[in-house]
Amino acid sequence: MIARITLAAVTAALTAAALAGCGSATNTSASTDSSPGTSPGSAAAAAGSSFPVTLTAANGRVTIKAKPVRIVSLAPTATEDLYAVGAGSQVVAVDQNSDYPVTAKKTSLSGLTPNLEAIAKYAPDLVISYQDANGLVSGLAKLGIPVLIEPPAATLADAYAQIDQIGQATGHLTQAQKVVATMRTQIAAEVKQAGSSHPGLTYYWELTANPYYSVTSSTFIGQIVGLFGLKSIADAADKASDGGYPQLSPEYIVKAQPQIIFLADNQAADGGQTPAVVAKRPGWSAIPAVKDSEVIGLNDDIASRWGPRLPQLVEQIAQAVERASG
Amino acid sequence: MIRARGRRLPAARAYGVAAAFLVAATLVSALVGAADLNPAATIAALLDKIPFVHLPSSLDQLDRAVLFQIRLPRIVLGALVGGLLAVAGAGYQGVFRNPLVDSGMLGASAGAGLGATLAIVYLSQLGPAAVPVAAFAGSLAGVAIAYLSGAVGGSGTATLLLAGVAVGLFLTAVQTYIMQRSAQDLQQIYSWLLGSLSGATWQQAAEILPYAAVSVAIVLLHGRHLDVLSVGDEEARALGVHPRRVRLIVVAACALAAASAVAVSGLIGFVGIVVPHVVRRLAGPSYRLVLPLSLLVGAGFLVLADALARTVVSPAELPIGVVTALVGSPVFVWILRSTSAVRT
């Protein structure tokens, strides 16, 4: 959960320096030198035998000499990507927040405050994280260990490119491309069914309660909900310094009258702000979303990652949109 | 004990000023907020609630929900918390004959912080309601540990204070360790530590009211004892006051007051230190006046601070602990500079 964009943005606002690196602004879309991933061109890469390979990740050009067989993932999204593209058997350790898939080899490693010695102990030949903290990239470079930094995606295209890149880095580009194609198809189907134009509908996306942090329409999440033509109530409150994640007072939220509320702090471990808890908040019963029971408790993990399970999130949003517009 | 330079107000006038400050703070706070309610209609709606007063107000259903379910409970809770913290601060200062003591000392804040952190990290299955209970218990436990450790070391107030500092540092270290171990809860813990009234409900106000009433009543009844204590333990004993007994009772009552405040608002600093000092400048050093006036001024101060917290970066909010410290620190320095003598 720690690698969540949301938490990163929010915590950065609070603890500035330590976490500033993983905010949404740091995005460099992942791309590959030999092929732009989605193009069906390079046959060698597709065959998964094109090592050494040089990729361009958020931390610059990274060369992987041979097919990695001892991978350490310090990011929950990267872990999901690795297993989805079929590189699971090459993974030797994942960080403490990588809880999906359950078969992943969870350890006490941390992506937030990585301990280089603890990582080196696994003798990895590839390390993937979402941010370059504690001198991760330069430190492991001294040991000859390549590191891929795959930061929080700013767009869906970024998320797809990261899956492609992780596929290529591990020798599974073909399956990575299949994963992306399936995601595209599933998401397109959901959008088609629920409709992409709902000009009257607004939503409030809750990252945390007390204080209430939300997302604007221009964030990664905002774009996904925007596929259905919905607007975030946070748009009007956004300031440049918020980076798309403004804090809202309860008065503002009640006055904004959103028709749908999405809770990304719904599960017990993330604050336990369930739809029932939200309905009991003072004054919130005046919100259309609360009156019409359109308060959606999301799977917080999926909602805060940018991995292969995104279609499940889109499906949950689509169902809410269909009900609210019907 | 601090002797203020300048004129002192007579008691009746001082009560008047303090009460007027609280009323003004409440009114200002009721009229500002992210929802931009019409001020005239808001005042009409508020007056309408007074028995036998009937005023039409143009506030619609939604505006009423904002005013009566979000803004007002917050003001009431802010007043309660501010009054409790100020009284607890003044009480501690009297007990320890030390103007630098705050309601958060003696392990109270550190204990509450540890309690809340434990609840957020390990009791998340119980839901958000577990946090205030754990903070309340932690705060009381912190003071109890500090008091027992200090009492073993000897009878002096300095020993007790030092024990409080040591216990506080220890509990904070434990809390920091747990925070480091559970990075995914950092944001939740930080927001709690910085203090906020943003989740205020009528229910919260009702829940802390009994503790508030009992603890404040006990402290207020000991104003005369604290005045006697201020001349020293020996002299107090000669005058028929038992220093240790008074100290234990007042510390317990102050701990209860601070714990109730902390449970619903998180850690809010500086109220307990600044408010009693302002009051002393206003009305002189007698605790018979300082205690009740601190209750009123503390309530007004926190209500005003929360109004700032809600409006300065609207529609976002500042943590109220940031506002009280931002306003509190300069005020405190100004008071230190303009008081003629500090006797402890």
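Residues numbered from 1 in each chain as written. Chains lettered and ligands numbered in written order. Predicted model: local features only at pLDDT ≥ 70, side-chain atom pairs only at ≥ 80, totals over all residues.

Please clarify how the nonpolar core should be interpreted in this entry.
Side chains that are nonpolar tend, in soluble globular proteins, to be buried together. Counting 210 residues, the largest nonpolar core has Leu84, Ala257 and Ala258 of chain B as its most contacted members. Considering each element in turn, this core owes the most residues, 20 residues, to helix α3 (residues 61-96) of chain B. For this core, the domains that each give at least three residues are domain 1 (5-185) and domain 2 (195-325) of chain A. Contacts of Leu84 of chain B, omitting those with residues within four sequence positions, involve Ala212, Val216, Ala257, Ala258, Ser260 and Ala261 of chain B. (Core = buried A, V, L, I, M, F, W, Y, C linked by C-beta atoms within 7 Å. Buried ≥ 20, exposed ≤ 12 C-beta atoms within 10 Å, placed from the backbone. Helix = DSSP H or I, 4+ residues; strand = E, 2+ residues; numbered from the N terminus. Domains from an automatic or database assignment. Contact = placed C-beta atoms within 7 Å.)

Sorry if this is basic, but what is going on with the sheet that holds strand β8 (residues 202-206) of chain A here?
Note on sheets: strands pair through backbone hydrogen bonds, and any given pair is parallel or antiparallel. Residue and element names in this part refer to chain A. Strand order across the open sheet formed by four strands is β10-β8-β12-β13, with parallel pairing between neighbours. Two strands close off the open sheet at either side, each with one partner strand: β10 (231-232) and β13 (295-297). Relative to strand β12 (residues 260-263), β8 runs parallel, the two sharing four bridges. For Tyr203, the partnering residue across the bridge sits in β12 and is Ile260. (Pairing = 2+ DSSP bridges.)

Could you clarify how one ought to interpret unusual backbone geometry in this entry?
Both trends apply: most residues other than glycine have a negative phi, and most peptide bonds are in trans. For the peptide bond that leads from Tyr100 of chain A to Pro101 of chain A, omega is -5°, which places it in the cis range. Tracing the backbone shows Pro101 of chain A in the loop between β5 (91-94) and α4 (116-120). Here the phi dihedral of Asn134 of chain A falls at roughly 55°; this positive angle occurs in a residue that is not glycine. As for its placement among the helices and strands, Asn134 of chain A is situated in the loop between β6 (126-129) and α5 (136-142). Not every positive phi belongs to a glycine, and Arg97 of chain B is a case in point at roughly 50°. With respect to the helices and strands, Arg97 of chain B occurs in the loop between α3 and α4 (108-122). Taking the number of C-beta atoms within 10 Å as the measure of exposure, Arg97 of chain B has 18 and is therefore partly exposed.

Would you mind going over the environment of Tyr100 of chain A with me for this structure?
Residue and element names in this part refer to chain A. Locating Tyr100 in the fold gives a position in the loop between β5 and α4. Counting along the chain gives 24 residues from Tyr100 to Pro76, while the straight-line C-alpha distance between them is 7.3 Å. What Tyr100 contacts, discounting residues up to four positions off in sequence, is Glu80 and Asp301.

Sorry, what's going on with the interface of chain B and chain A here?
Interface size is commonly expressed as the accessible surface area that is lost when the partners come together. On the side of chain A, 32 residues touch chain B, which itself brings 31 residues to the contact. Of all elements in the fold, only α3 and α7 (186-194) of chain B reach the threshold of two or more residues within the side of chain B that touches chain A. For the side of chain B that touches chain A, the element with the highest residue contribution is α3 of chain B, accounting for eight residues. Here the side of chain B that touches chain A is composed, by residue class, of 13 nonpolar, 15 polar and three charged. (Nonpolar A, V, L, I, M, F, W, Y, C, P; charged D, E, K, R; others polar.)

Any chance you could explain the domain arrangement of chain A here in plain terms?
Residue and element names in this part refer to chain A. Once the domains are mapped, chain A shows domain 1 (5-185) and domain 2 (195-325). When residues of the side of domain 1 that touches domain 2 are traced back to their parent elements, those giving at least two are α1 (5-15), α3 (76-84), α6 (156-170) and α7 (173-194). Residues of the side of domain 1 that touches domain 2, tallied by class, amount to 16 nonpolar, five polar and three charged.

Is there a simple way to think about helix α8 (residues 202-221) of chain B in this case?
Side chains three or four residues apart in an α-helix point the same way, a direct result of the helix having 3.6 residues per turn. Residues and elements named next belong to chain B. With 20 residues, α8 extends 28 Å from end C-alpha to end C-alpha; this agrees with the ideal 28 Å at 1.5 Å per step. Largest kink in α8: about 35°, centred on Leu209, with the proline Pro210 one to four residues after it. Buried within α8 we find Gln204, Ala205, Ile208, Ala212, Ser215, Val216 and Val219. Packing partners of the buried residues in α8 comprise α3, α11 (243-265) and α13 (287-311). (Expected span 1.5 Å × (residues − 1). Bend = angle between axes of the 7 residues up to and from the residue.)

Hey, could you run me through the packing of α3 of chain A against α6 of chain A in this one?
Residues and elements named next belong to chain A. Following both chains from N to C, one finds α3 and α6 inclined at 60°, their axes separated by 9 Å at the closest point. By the angle class used here, α3 and α6 are oblique. Note that α3 runs across α6; the crossing there is right-handed. Residues Ala78, Asp81 and Leu82 of α3 form the contact with α6, whose participating residues are Gln162, Ile163, Ile166 and Thr170. Its residues placed into classes, the contact of α3 with α6 shows four nonpolar, two polar and one charged. (Axes fitted to C-alpha atoms, helices over the stretch in contact; angles between N-to-C directions. Parallel < 35°, antiparallel > 145°, perpendicular 65-115°, else oblique. Left-handed = near helix turned anticlockwise from the far one by under 90°.)

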